[in-house]
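If you want the building blocks of each chain, they are given just below.
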Amino acid sequence: MTLRNIAIIAHVDHGKTTLIDRLLAQSGSVRENQRIAERAMDSNDLERERGITILAKVTSVEWRDARINIVDTPGHADFGGEVERILNMVDGAILLVDAAEGPMPQTKFVLQKALKIGLRPIVAINKIDKPEERHEEVINEVFDLFAALDADNDQLDFPILYGSAKQGWMSLDPAGPQDDMSALFDLVVKHVPAPVVEEGPFRMLATTIEANPYLGRILTGRVRSGSVKPNQPIKAMDRTGKVIEQGRVSKVLAFRGLERTPVDEVLAGDIVAIAGLTKATVADTLCAMEVTQAIEAQPIDPPTLSMTFRINDGPLAGKEGDKVQSRVIRDRLMKEAEGNVALKVADLEGEAFEVAGRGELQLAILIETMRREGFELTVGRPRVVMRTDEATGQRLEPVEEVIIDVDEEFSGAVVQKLSERRAELKDMRPSGAGRQRLVFHAPTRGLIGYQGELLTDTRGTAIMNRLFHAYAPHMGAIPSRHTGVLLSNGEGEAVAYALWKLEDRGPMFIEPGAKVYAGMIVGEHTRGNDLEINVLKAKQLTNIRAAGKDDSILLTPPIRLTLERALAYIADDELVEVTPQSIRLRKAILDPHERKRDERRRNEDALSA
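Residues numbered from 1 in each chain as written. Predicted model: local features only at pLDDT ≥ 70, side-chain atom pairs only at ≥ 80, totals over all residues. Heavy atoms only, no water.

**With respect to helix H9 (residues 360-372)**
Piece 1. Spanning 13 residues, H9 covers 18 Å between terminal C-alpha atoms, matching the ideal 18 Å at 1.5 Å per step.
Piece 2. In terms of residue burial, H9 counts as a mostly covered element, since eleven of its 13 residues are buried.
Piece 3. Of the residues making up H9, those classed as buried are Glu360, Leu361, Gln362, Leu363, Ala364, Ile365, Leu366, Ile367, Glu368, Met370 and Arg371.
Piece 4. Of the residues trailing H9, Gly374 is marked for its positive phi of about 100°. (Helix = DSSP H or I, 4+ residues; strand = E, 2+ residues; numbered from the N terminus. Expected span 1.5 Å × (residues − 1). Buried < 20%, exposed > 50% of the residue type's maximum accessible area, 1.4 Å probe, protein only.)

Spelled out as structure tokens, the structure:
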């Protein structure tokens, strides 16, 4: 059979995974009576709930006399490290663009990588059934984007398809025919070149890694030359050519539809998963014993954000989760780092670990996964990973390109807030329907915790997208949260009467009956200082009745903090306590006297510095 390897690249929510669902169904890779969930490629629970792709995955469909290997790539910037290496596995790409939104930041990021390695993408305008679609303008925007990214003449002459993945059709004409996906299949077979096969013994670049409880490490990549069989002796080399390990292939798995099937041999050009090695990782070359030169590989991007993971040492520790020891938390983090090359885990003093990753979302997803597995832990405020310029000795910090689509009436508030956070406005232009598109270069430090503020300032109408831009000299102090917090001064269950009496102090995070302890954050103070309050105080009961009925207590609903909002909200001396059933905020030092001493010590250190 003729082979074609393609990647589907797009911004978050532009319809990649839905498109693959339709391709699987129409190619006959999935039987009509076979039950598969919607968005079949989003295999883990968090991907389904959030509607985003976190891990890159491969599937394979057969069309007439061709087999097409399709790679579904993550669309979110925090998982962009996967994308760059995946593009080295394929010979073509389908760039999927929303007919209303047009090209977005992640589209630009992935497309830039695709053009750089010489791919000639097919542009598919998706969601053309939307009432606000504007396909002609979007095509012009895509062309301008190709030109801005230095595409050559062959790349600029891209074929265009129109359609709706949800309705299951693609066509060369915006009006249809609206029958099926055959136009897309035919164009892939015609436009995408067959994989280039090199001469020589077996060589393959490991592109993605996965830890499997039965087979150990599974490394996926495209076979560049030769062939691979089970029980074949192979070795792994890093990017410099140094041998990391030698071993035997225990399983060769080929992609057939949604399944990975064990096969006896895979030839050059095909995408395959190999089990049997224990140390090799992403960007390493797997090859026959006689090969001496490694395949050129994209280095793994450095992490930009880090968090401290600690054991839960609060009074409510161990009440909800069964995995609370630091040894168990450490094993879990090390296992995650083995299968996720964008994470770095380091041991700190006092049963704590520093976990560094690409962004808040990536780390929040790790914490969410762990709490669902029964872990209890406390997590510190996200911190930016700084660098030092070797030539000048200057401190450098990561800067991101931020694109915000917002209603015109709120654009002033957005510009003002981001300017306070040391962001620089680069572009401001109308994006249709009374909305504006603002482009900023902002330090990553200034964006921690900004998402919630943005939604408040714009009444939930703004859409923010961010992308790593570069490292730049340190931009100075950025004002942090301007309000203090309300702290519980005792342990027990919160009482409605006490919360009602304390409402004028600020909005609450807890409801009546919630378990609290001394040092736990129960609300936000309306002023800049922290205030200890008693949420356990019940109403004094007497045997004298009032003439009227006692006032029934009507409480303002508490602020519900999601994990991401909690991580963004806390200050440097605060922690988020994460358990399988609860997300609580607390001070790092629970004892009020110890806390005051620590604050005095820090103030003295700051003055002496």
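**Considerations on the pairing of strand E29 (residues 485-488)**
Piece 1. Burial along E29 is two-sided: Val485 and Leu487 facing one way and Leu486 and Ser488 facing the other are all buried.
Piece 2. Where E29 lies against strand E32 (residues 520-524), three bridges are found, and the strand directions are antiparallel. Note on E32: the bridge partner recorded for Val485 is Glu524.
Piece 3. Sheet topology places E29 next to strand E33 (residues 531-533); three bridges connect them, and they run parallel. Looking at the pairing, Leu486 lines up with Leu531 of E33. (Pairing = 2+ DSSP bridges.)

**Some words on the side chain of Arg435**
Piece 1. Looking at the element boundaries, Arg435 is found in strand E27 (residues 435-443).
Piece 2. What makes Arg435 buried here is its relative accessible area of 18%.
Piece 3. A polar side-chain atom of Arg435 sits 2.9 Å from the main-chain carbonyl oxygen of Asp405.
Piece 4. Here Asp407 takes part through its side chain, which lies 2.7 Å from a polar atom of the side chain of Arg435.
Piece 5. Once residues within four sequence positions are removed from consideration, Arg435 is found in contact with Asp405, Val406, Asp407, Glu408, Pro430, Thr461, Ala462 and Ile463. (Polar contact = N/O pair within 3.5 Å; in protein donor to acceptor, adjacent residues only side chain to side chain. Contact = heavy atoms within 4.5 Å.)

**Notes on helix H15 (residues 592-608)**
Piece 1. The terminal C-alpha atoms of H15 lie 25 Å apart, and with 17 residues this matches the ideal 24 Å at 1.5 Å per residue to within 8%.
Piece 2. Capping of H15 at its N-terminal end is provided by Asp591; its side-chain oxygen lies 3.2 Å from the backbone amide nitrogen of His593.

**Overview of the pattern of salt bridges**
Here the idea is simple: oppositely charged side chains can pair when their charged atoms come close.
Piece 1. All told, the structure shown has 35 salt bridges when counted by the stated rule.
Piece 2. Each of the salt bridges in this network shares a partner with another, and the network as a whole consists of Lys417, Arg421, Glu453 and Asp457. (Salt bridge = Lys/Arg side-chain N within 4 Å of Asp/Glu carboxyl O.)

**Comments concerning the environment of Thr220**
Piece 1. Following the sequence through the fold, Thr220 ends up in strand E10 (residues 216-225).
Piece 2. A C-alpha to C-alpha distance of 4.2 Å links Thr220 and Ala273, two positions 53 residues apart in sequence.
Piece 3. Ignoring sequence-local partners within four residues, the contact set of Thr220 consists of Val58, Met204, Leu205, Ala206, Thr207, Thr208, Phe255, Ile271, Val272 and Ala273.

**Describing the packing of aromatic side chains**
Piece 1. Across all of its chains, the model carries five aromatic pairs by this definition.
Piece 2. With 4.4 Å between their ring centres and 15° between their planes, Trp63 and Phe185 make a pair best called stacked. With Trp63 in strand E2 (residues 57-63) and Phe185 in helix H7 (residues 182-191), this pair connects stretches of sequence that are 122 residues apart. Each member of the pair, Trp63 as well as Phe185, is classed as buried.
Piece 3. Between Phe509 and Tyr569, the ring centres sit 5.4 Å apart and the planes meet at 90°, which makes this aromatic pair edge-to-face. A residue pair is termed long-range when its members are at least 10 positions apart, and Phe509 in the loop between helix H13 (496-501) and strand E31 (515-516) and Tyr569 in helix H14 (residues 563-569) qualify at 60 residues. Side by side, Phe509 and Tyr569 carry an identical accessibility label, which is buried.
Piece 4. Among the aromatic residues, ring-to-ring pairing joins Phe143, Phe146 and Phe158 into one connected group.
Piece 5. Geometry around Tyr471 places Arg387 over its ring, the cationic atom sitting 4.2 Å from the centre. (Phe/Tyr/Trp six-rings, centres within 6.5 Å; stacked < 30°, edge-to-face > 60°. Lys NZ or Arg CZ within 6 Å of the ring centre and 35° of its normal.)

**Some words on the environment of Val223**
Piece 1. Residue placement: Val223 occurs in strand E10.
Piece 2. Taking the C-alpha atoms as reference points, Val223 and Val266, 43 residues apart in sequence, are found 8.0 Å from one another.

**Things to note about the packing of helix H10 (residues 411-420) against helix H12 (residues 450-457)**
Piece 1. Interaxial distance between H10 and H12 falls to 10 Å at its minimum, and their mutual angle equals 155°. For the element pair H10 / H12, the angle class is roughly antiparallel. The handedness of the crossing between H10 and H12 comes out as right-handed. Of the residues in H12, those in contact with Val414, Lys417 and Leu418 of H10 are Tyr450, Glu453, Leu454 and Asp457.
Piece 2. Class assignment for the residues of the contact of H10 with H12 results in four nonpolar, no polar and three charged. (Axes fitted to C-alpha atoms, helices over the stretch in contact; angles between N-to-C directions. Parallel < 35°, antiparallel > 145°, perpendicular 65-115°, else oblique. Left-handed = near helix turned anticlockwise from the far one by under 90°. Nonpolar A, V, L, I, M, F, W, Y, C, P; charged D, E, K, R; others polar.)

**Regarding the confidence of the model for the protein**
Piece 1. Per-residue confidence for the protein averages 82 on the pLDDT scale, and 89% of its residues sit at or above 70.
Piece 2. Across residues 31-44, confidence stays below pLDDT 50; counting only partners more than four residues off in sequence or on other chains, it has 33 contacts. (pLDDT = per-residue confidence, 0-100.)

**Remarks on the nonpolar core**
Piece 1. By size, the foremost hydrophobic cluster in this structure holds 36 residues, and its most contacted members are Val71, Leu87, Leu95, Ile125, Val142 and Phe146.
Piece 2. Only strand E1 (2-10), helix H3 (80-87), strand E4 (92-98), helix H4 (105-116), strand E5 (122-126), helix H5 (135-148), strand E14 (251-256) and strand E17 (271-275) provide two or more residues apiece to this core.
Piece 3. Sorting elements by how many residues they give to this core places H5 first, with five residues.
Piece 4. Filtering out sequence-adjacent residues up to four positions away, Phe146 remains in contact with Leu95, Leu111, Leu115, Pro121, Val123, Ala151, Gln155, Leu156 and Phe158.
Piece 5. Core analysis: the next-biggest nonpolar cluster, separate from the first, contains 33 residues, Ile311, Ile329, Val576 and Leu585 among them. (Core = buried A, V, L, I, M, F, W, Y, C linked by side-chain atoms within 4.5 Å.)

**Quick look at the pairing of E1**
Piece 1. Of all nine residues in E1, eight are buried, a share of seventy percent or more.
Piece 2. Of the pairings in the sheet, the one linking E1 to strand E3 (residues 66-72) comprises seven bridges and is parallel in character. Its bridge partner being in E3, Leu3 is matched across the sheet by Arg67.
Piece 3. The pairing of E1 with E4 spans five bridges and is parallel. Across the sheet, Ala7 pairs through a bridge with Ala93, a residue of E4.

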